Amino acid sequence: WREFSHRPDWRALLGPAEGALLPPRRWLIKRAVHRGKGVSLATTAELLNASSDARALLALHPDAVVQRYVDAAFLVGGRKLSLRLYSLLTCSRPLRVYLYTEGFALFATDEYE
């Protein structure tokens, strides 16, 4: 959040604000806690409002990650799936990225509703 909020165009990155013609976006706020704990949902308007609970949460946890919420979950066998792949970026011009050959998948224990 620290790097994101210091960009001069960070509000534009959030997309259309509440009340715009396009539907508002929803965002996940993830703290460094495992197994779904420490995850909150916020709207674009809440992230833009300096006095909102979402902004207070981000102030308390500067290491939190803000990520766009995906409405249509990726399912395998009716369960949510998360892929963990590791990469190393060594140069941006020219772009040089190395992908570690071993990754892993995390499957939810319960079926997605």
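In what follows, the structure referred to is the one given above.
Everything numeric in this text was worked out from a predicted model, so none of it was measured. (Residues numbered from 1 in each chain as written. Predicted model: local features only at pLDDT ≥ 70, side-chain atom pairs only at ≥ 80, totals over all residues. Heavy atoms only, no water.)

**Concerning the overall build of the protein**
Line of reasoning, step 1. Counting its regular elements, the protein contains 4 helices and 8 strands.
Line of reasoning, step 2. Ordered by position from the N terminus, the helices and strands of the protein form the series α-α-β-β-α-α-β-β-β-β-β-β.
Line of reasoning, step 3. Considering the protein as a whole, with its 113 residues, one finds that 15% of them fall into the buried category.
Line of reasoning, step 4. Taking all contacts inside the protein whose residues are at least 6 apart in sequence as the whole, residues at least 24 apart take part in 46%.
Line of reasoning, step 5. Surface accessibility of the protein: about 8900 Å² in total, with carbon and sulfur atoms responsible for 56%. (Helix = DSSP H or I, 4+ residues; strand = E, 2+ residues; numbered from the N terminus. Buried < 20%, exposed > 50% of the residue type's maximum accessible area, 1.4 Å probe, protein only. Contact = heavy atoms within 4.5 Å. Areas by Shrake-Rupley, 256 points an atom, 1.4 Å probe, with all protein chains shown as cover.)

**Quick notes on the sheet that holds strand E2 (residues 39-43)**
Line of reasoning, step 1. Pairing within the open sheet is antiparallel, and its 3 strands lie in the order E2-E1-E3. Only two strands of the sheet have a single neighbouring strand rather than two, namely E2 and strand E3 (65-68). Averaged over neighbouring strand pairs, the angle between their axes works out to 30° when direction is ignored.
Line of reasoning, step 2. Of the strand pairs in this sheet, strand E1 (residues 26-30) and E3 are connected by 4 bridges, and their pairing is antiparallel. Bridged to tryptophan 27 within E3 is arginine 68.
Line of reasoning, step 3. Along the sheet, helix H4 (residues 53-60) contacts E1, E2 and E3; its crossing angle with E1, the most-contacted strand, is approximately 30°. (Pairing = 2+ DSSP bridges. Axes fitted to C-alpha atoms, helices over the stretch in contact; angles between N-to-C directions.)

**Details of the packing of aromatic side chains**
Line of reasoning, step 1. Taken as a whole and judged by the stated rule, the model has 1 aromatic pair.
Line of reasoning, step 2. Look at tyrosine 86 and phenylalanine 104: their rings are 6.4 Å apart centre to centre, the planes differ by 40°, and that puts the pair in the tilted class. Placement of tyrosine 86 in the loop between strand E5 (79-84) and strand E6 (87-92) and of phenylalanine 104 in strand E8 (residues 104-107) is noted, with a sequence separation of 18 residues between them.
Line of reasoning, step 3. We classify phenylalanine 104 as partly exposed; its relative accessible area is 38%. (Phe/Tyr/Trp six-rings, centres within 6.5 Å; stacked < 30°, edge-to-face > 60°.)

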